[in-house]
Amino acid sequence: MPTTLRPQNDLISLQQASTLLGVHPSTLRLWADQGKLKAFRTAGGHRRFSLIEVRALAARQTMPAQPEPRNAQLIIHSALGRARMEATSGGLADEPWYQQIDEAAREHHREMGRRLLGLTLHYLSAHDERALLLSEGRALGAEYGTLALRHGLSLGDAMRAYLRFRDLLLESVVQMNEVAGGKSSGDALATYRRVNEFANEVLIAMVAAHQE
């Protein structure tokens, strides 16, 4: 269980720690209860975490070389955490395009988002199957465009929805480099470009399907 708050000034909130680690706050609470990461309590009972220890835990889960499977998984895991926080405590619910679709459509979009994350993970890790994965990504993009049209979303709103999701991926790449101390800027840039390359192909296919 979390211990009494220590006086050091390197402590960060539950929300900040979960963002750095790319996990949902409930997952971080569980880790604290299991002793995976030490937590401290404020006088008001709120959890605080050592920034140094959080960065160390995040760095242990990354690899400084090419985007190997483990590093790619961490990026995707971070994006999932960000997406959940966007849906629960972020500004997603205030977006006009999000209010326009019903819960069934939102769940369909979430399911497609998980598929897109899976394809992105494979694309980051693969070496010989990228052409096939790009083809699958384009097919998913076309499905995005058709679904958006079916739910009455304009092309502009469909692009806003997709780009918001894509930004979560790109921000996660930057975040992983930051928590690792920013020592692998070349590797981070290569990963960033690879994610963007894949995401852009999906976007182009989405636009084409919507227009057709």
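Conventions used here
Residues numbered from 1 in each chain as written. Predicted model: local features only at pLDDT ≥ 70, side-chain atom pairs only at ≥ 80, totals over all residues. Heavy atoms only, no water. Helix = DSSP H or I, 4+ residues; strand = E, 2+ residues; numbered from the N terminus. Expected span 1.5 Å × (residues − 1). Buried < 20%, exposed > 50% of the residue type's maximum accessible area, 1.4 Å probe, protein only. Core = buried A, V, L, I, M, F, W, Y, C linked by side-chain atoms within 4.5 Å. Contact = heavy atoms within 4.5 Å. Polar contact = N/O pair within 3.5 Å; in protein donor to acceptor, adjacent residues only side chain to side chain. pLDDT = per-residue confidence, 0-100.

Trainee: Give a description of helix α7 (residues 130–150) that names residues and reports values.
Mentor: The first and last C-alpha atoms of α7 sit 30 Å apart over 21 residues, in line with the 30 Å expected at 1.5 Å per residue. G152 sits one or two residues past α7 and shows a positive phi near 80 degrees.

Trainee: Give a detailed account of the environment of A105, specifying residues and quantitative values.
Mentor: When you line up the elements, A105 lands in helix α6 (residues 103–125). Assessed through its relative accessible area of 2%, A105 is described here as buried. For the pair formed by A105 and L147, sequence separation is 42 residues and the distance between their alpha carbons is 8.6 Å.

Trainee: Any chance you could break down the nonpolar core for me, citing the residues and the numbers?
Mentor: One finds L116, L140, Y144, Y162, F198 and M206 to be the most contacted residues of the largest nonpolar core, which totals 32 residues. Leaving out residues up to four positions away in the same chain, Y162 has contacts with L116, A199, V202, L203 and M206.

Trainee: Would you mind going over the side chain of T120 in detail, with residue names and values included?
Mentor: Here T120 shows up in helix α6. Only 2.7 Å separates the side chain of T120 from the backbone oxygen of L116, close enough to count as a polar contact.

Trainee: Any chance you could break down the confidence of the model for the chain for me, citing the residues and the numbers?
Mentor: In the predicted model, the chain carries a mean pLDDT of 75, and the fraction of residues at 70 or more is 70%. Mean pLDDT per element in the chain: strand β1 (residues 3–4) is the minimum at 43, and strand β4 (residues 47–50) is the maximum at 90. Of the regions scoring below 50 in pLDDT, residues 1–8 engages in 20 contacts with residues more than four places distant in sequence or in other chains.

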